[in-house]
There are 2 protein chains.
Amino acid sequence: MDNMVNLTLAELSGLSNRVLTANGMAADHAQAIAEVIVAGQRDECQSHGIYRLIVCVNTLRNGKVVRDAKPELIDVSPALVRVDAKFGYSQLAFQMGSKVLVQKARQVGIAALAINHCFHFSALWPEVEYLAGEGLAALAMTPSHSWVAPAGGTKPLFGTNPIAFAWPRPGRFPYVFDFATSAIARGDIELHRRAGKTIPLDWAVDATGQPTDDPAAAMRGAMMTFGGHKGSALCAMVELLAGPLIGDLTSAGSTAYDQGVGATPCHGELILAFNPSMFSSGNSDDDLQRAEALFGGIVDQGARLPSQRRFDARLRSEANGVEVPRQLLADVLALIPG
Amino acid sequence: MDNMVNLTLAELSGLSNRVLTANGMAADHAQAIAEVIVAGQRDECQSHGIYRLIVCVNTLRNGKVVRDAKPELIDVSPALVRVDAKFGYSQLAFQMGSKVLVQKARQVGIAALAINHCFHFSALWPEVEYLAGEGLAALAMTPSHSWVAPAGGTKPLFGTNPIAFAWPRPGRFPYVFDFATSAIARGDIELHRRAGKTIPLDWAVDATGQPTDDPAAAMRGAMMTFGGHKGSALCAMVELLAGPLIGDLTSAGSTAYDQGVGATPCHGELILAFNPSMFSSGNSDDDLQRAEALFGGIVDQGARLPSQRRFDARLRSEANGVEVPRQLLADVLALIPG
């Protein structure tokens, strides 16, 4: 029997909505979450695709998340909007706040969206790609749970703290990156554990502070940051800007709030949007051409643009649907109460 | 004979001013530049201290920089200010623009300062530290010359593209980092060359694309970014945000503008300022305490805060003056025309 199952994107969307609403999620939240799960599976980001339904339902069942939260928007200033997600998932809060963020960035050149009190489990690239689609450059970041040791240490303190960035390229996929400031995403270690694979020794230390190739020992110990002390410094910056700056929790605070139930992190998110046509001194087309020359200089020497693999997968999935491991699909279907 | 010479900070300031004005620099520019050179030497950042006078005078002599440029401030929006440095050094432009940046960040929560058409050779930490001293978080970045290959490539395209960040800590030195997104600062390779030392093999490739431990070969080849594809992506982000976004040159554009004379890069700089008391939902003191708990979590496990070595040096230098290599001092004194 083939180990993989082919699903259309519509089937994937229906399945995701079904699993979420069957577990008590309000329909508007379920739809918003299904969209990012479909996008993740479509782009073959395995740790942000259908697998996340398991994480999501687990968080629903342990009672931490408000299943029908109504996000509240606070228009703080001409450059700043805040959305209180009221302890629901982040997607609806982003949908509400991002429209105002776009308006503000168009009007004053730079603007920030702070989302507070949200449960966040999705990749950040869908959000910065949305903003790039509106002609803006965008930078987004969140803390997570305290799983990562600072450079020079061995004890968990920081989150995996992703940073995502997008630059608009009219008529083309945007320039986009989205990476954990940890050596690897937490979900990738979990996928190794599920697959019975070892992990590289520079990803994590065990609970005694020694490097380990055992994903289960890594998850009980501390992950490392990428890029040594520089990556560690950036990881701390994400803690500060998407935590105390916006009046929300650090990763350690999120872990404490979790009280050991293993829910998705509950914290804040910071998203910045930049309007090139207001920042530049008037020759916006020339500026975009200068950016295109930069991308050409990368590709022409045989290097890749970030997200290129994801965009290739997107084109394949939109034509042919997605391939999902049969066991993973069975695990997801088992989430629907009988 | 002792190879080191002790100078007071006042002597260092006088010497820097003398060298610069003797080479035709306007007095206001010379004073602003002397301040950052003294700060660099005081903090024992060897590549941003008195050594930079050699770089600075070389740039003056090759005629690229406008020695008495009058920066022009353009108040773009409630969140955005631009300063056209008119092809002078960046320090006066920063002094002019940063005061307006602080006002805007206080009023609307987040604000940006774009400096255009400046020659930039100083570290970024004096700038973000100034903003932290005003109670703001700050993020600054610039491109440089195209010396660095993207991950997966071997040809120079990016600059060393520093990113600096500061977080205010009332009554203490701020949390500050300032690092090149290249594996190492260009100045550190040059200092190795001057000292006749080899460099680690992961800093650079030679002109044929092979890893090299020869600093001179590295400077003719291409430097690497830090942190693999993640560092490379950040390096590209700096190109975009401090280049095309603000209507200014990429590092490749700056190299082309230089026409091979070897001057300091001519380009733009982007500085963002964040006002914690407007971003947070009102409990700003709690938020600052949450940040302090994060710093405690770093230090308590034996890891260091970035810039700690620099702050230790600062306290030493303020008490005892600075130690400068006798040969370097002779090279600097030789810059004063007879």
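What you see is a predicted model; the values in this text were computed from it and never measured. (Residues numbered from 1 in each chain as written. Chains lettered and ligands numbered in written order. Predicted model: local features only at pLDDT ≥ 70, side-chain atom pairs only at ≥ 80, totals over all residues. Heavy atoms only, no water.)

## A few points about the pairing of strand E10 (residues 266-274) of chain A
Residues and elements named next belong to chain A. Filter applied, for reference: Only protein chains enter the accessibility calculation, which uses a 1.4 Å probe; a residue whose area is less than 20% of its type maximum is buried, one above 50% is exposed, and one in between is partly exposed. Counting from the N terminus, the helices are the DSSP runs of H or I reaching at least four residues and the strands are the DSSP runs of E reaching at least two. Two strands qualify as a pair provided DSSP detects at least 2 bridges between them.
Extensive coverage of E10 is indicated by the burial of 9 of its 9 residues. Both strand E5 (residues 137-141) and E10 contribute to a ladder of 5 bridges, which runs antiparallel. By the bridge assignment, leucine 139 is partnered in E10 with leucine 272.

## Quick word on the pattern of salt bridges
All names here are of chain B. Put simply, the test is: We count a salt bridge whenever a side-chain nitrogen from Lys or Arg sits within 4 Å of a carboxyl oxygen from Asp or Glu.
Applying the stated criterion to the full structure yields 30 salt bridges over all chains. The partner of glutamate 44 in a salt bridge is arginine 316, with the nearest N and O atoms 3.0 Å apart. Here glutamate 44 is found in the loop between helix H2 (27-42) and helix H3 (51-61), whereas its partner arginine 316 is found in helix H12 (residues 308-320), with 272 residues between them in sequence. With relative accessibility at 39%, the residue glutamate 44 sits in the partly exposed group. Classification of arginine 316 by relative accessible area gives partly exposed; the value is 40%. The closest approach of N and O atoms between glutamate 72 and lysine 86, which form a salt bridge, is 3.1 Å. Taken together, the residues span a long stretch of sequence, with glutamate 72 in strand E2 (residues 72-77) and lysine 86 in strand E3 (residues 80-89) at a distance of 14 residues. Look at lysine 86 and you get partly exposed, because its relative accessible area is 35%.

## Digging into the relation of the copies chain A and chain B
Filter applied, for reference: The fit set for superposing copies consists of C-alpha atoms from residues with pLDDT of at least 70 in both; the fit itself is least squares. The contact definition used throughout considers only heavy atoms, calling two residues in contact when any of these lie within 4.5 Å.
Superposition record for chain A on chain B: RMSD 0.0 Å, screw rotation 180 degrees, translation along axis 0.0 Å. Both chain copies can therefore be described as sitting about a two-fold axis. Among all residues of chain A, the minimum C-alpha distance to the rotation axis is found for glycine 227 of chain A, at 2.0 Å. A shared binding surface is used by both copies, with 100% of the interface residues of chain A retained as interface residues in chain B.

## Examining the domain arrangement of chain A
All names here are of chain A. How we decide: An automatic or database domain assignment is the source of the domain bounds shown. Throughout, buried area stands for the accessible area (probe radius 1.4 Å) lost by two parts on being put together, summed over both.
Once the domains are mapped, chain A shows domain 1 (4-64 + 307-333) and domain 2 (72-279). Between the C-alpha centres of domain 1 and domain 2 the distance comes to 20 Å. Across the boundary between the two partners, domain 1 contributes 33 residues, which contact 28 residues of domain 2. On the domain 1 side of the interface with domain 2, the three residues burying the most area are Tyr51, Lys64 and Phe311, jointly 26% of the side's total. Note that aspartate 331 is salt-bridged to arginine 194, the shortest N-O span being 2.9 Å. Broken down by element, the side of domain 1 that touches domain 2 gets its largest block of residues, 10 residues, from helix H2 (residues 27-42).

## Focus: the sheet that holds strand E6 (residues 162-167) of chain B
Two strands in a sheet stick together by hydrogen bonds in their backbones, pointing the same way (parallel) or opposite ways (antiparallel). Residue and element names in this part refer to chain B. Let me state the cut-off plainly: The convention used is that axes are lines fitted to C-alpha atoms, helices contributing only their stretch in contact, and that angles between N-to-C directions extend from 0 to 180 degrees.
The strand order E2-E3-E4-E10-E5-E6-E7 describes an open sheet built from 7 strands, whose pairing is mixed. Of all the strands in the sheet, just E2 and strand E7 (175-180) have a single pairing partner and so form its edges. The average undirected angle you get between the axes of adjacent strands in this sheet is 15 degrees. As defined by bridge partners, E2 adjoins E3 across 5 bridges and the pair is classed as antiparallel. Considered in E3, the bridge of isoleucine 74 is made with arginine 82. The strands touched by helix H5 (residues 125-133) are strand E5 (137-141), E6, E7 and strand E10 (266-274); relative to E6, the strand with the most contacts, the crossing angle is about 20 degrees.

## Observations regarding the sheet that holds strand E7 (residues 175-180) of chain A
All names here are of chain A. Strand order in the open sheet formed by 7 strands is E2-E3-E4-E10-E5-E6-E7, with mixed pairing between adjacent strands. Because the sheet does not close on itself, it has two edges, and the strands there are strand E2 (72-77) and E7. When the angles between neighbouring strand axes are averaged without regard to direction, this sheet yields 15 degrees. Across the sheet, helix H5 (residues 125-133) lies against E5, strand E6 (162-167), E7 and E10, angled at about 20 degrees from E6, the strand it touches most.

## Examining the environment of leucine 113 of chain A
All names here are of chain A. Counting through the fold element by element, leucine 113 comes out in strand E4 (residues 110-119). Judged by its relative accessible area of 0%, leucine 113 is buried. C-alpha separation for the pair leucine 113 and valine 102, spaced 11 residues apart in sequence, amounts to 9.5 Å. Apart from residues lying up to four places away in sequence, leucine 113 is in contact with Val81, Val83, Phe94, Gly97, Ser98, Leu101, Glu269, Leu270 and Ile271.

## So, the interface of chain A and chain B
Here is the rule we go by: Polar contact is defined as a pair of N or O atoms within 3.5 Å, subject to the rule that within protein one atom must be able to donate a hydrogen and the other to accept it, and that residues adjacent in sequence are counted only when both atoms are side-chain atoms. Gly counts as polar in this scheme, as do all residues outside two lists: the nonpolar Ala, Val, Leu, Ile, Met, Phe, Trp, Tyr, Cys and Pro, and the charged Asp, Glu, Lys and Arg.
Counting residues at the interface gives 67 residues for chain A, matched by 67 residues for chain B. The junction of chain A with chain B conceals about 5400 Å² of combined surface from both sides, 76% of it contributed by carbon and sulfur atoms. Together, Lys230, Phe279 and Gln301 of chain A form the three largest contributors to the area buried by chain A at its contact with chain B, with a combined 14%. Applying the counting rule to chain A against chain B returns 0 salt bridges. One can count 20 residue pairs in polar contact (both at pLDDT 80 or more) joining chain A with chain B. The leading source of residues in the side of chain A that touches chain B is helix H8 (residues 228-241) of chain A, at 9 residues. Here the residues of the side of chain A that touches chain B are counted per class, giving 44 nonpolar, 16 polar and 7 charged.

## Some points on unusual backbone geometry
Unusually for a residue other than glycine, lysine 86 of chain A sits at a positive phi of about 55 degrees. Even without glycine at this site, glutamate 44 of chain B takes up a positive phi of about 60 degrees.

## Let's talk about helix H11 (residues 284-299) of chain B
To keep it simple, the criterion reads: Expected helix span is computed as 1.5 Å times (number of residues minus one).
Taking 1.5 Å of rise per residue, 16 residues should cover 22 Å, and H11 of chain B covers 23 Å from first to last C-alpha, within 8% of that figure. Of the residues making up H11 of chain B, those classed as buried are Ser284, Asp287, Leu288, Ala291, Leu294, Phe295, Gly297 and Ile298 of chain B. In this fold, the buried residues of H11 of chain B make contact with H8 of chain A together with E6, E7 and helix H10 (276-279) of chain B.

## Considering the pairing of E10 of chain B
Sheet analysis places strand E4 (residues 110-119) of chain B next to E10 of chain B, joined by 8 bridges and oriented antiparallel. Bridging across to E10 of chain B, alanine 111 of chain B finds its partner in alanine 273 of chain B.

## Brief notes about the nonpolar core
Keep this limit in mind: We define a nonpolar core as any set of buried Ala, Val, Leu, Ile, Met, Phe, Trp, Tyr and Cys residues linked to one another through side-chain atoms lying within 4.5 Å.
Residues Leu270 and Phe274 of chain A together with Leu270 and Phe274 of chain B are the most contacted members of the largest nonpolar core, which totals 95 residues. If we ignore the near neighbours within four places in the chain, the residues touching leucine 270 of chain B are Phe274 and Phe279 of chain A together with Ala112, Leu113, Leu139, Ala140, Met141, Leu241, Ala242, Leu245 and Ile246 of chain B.

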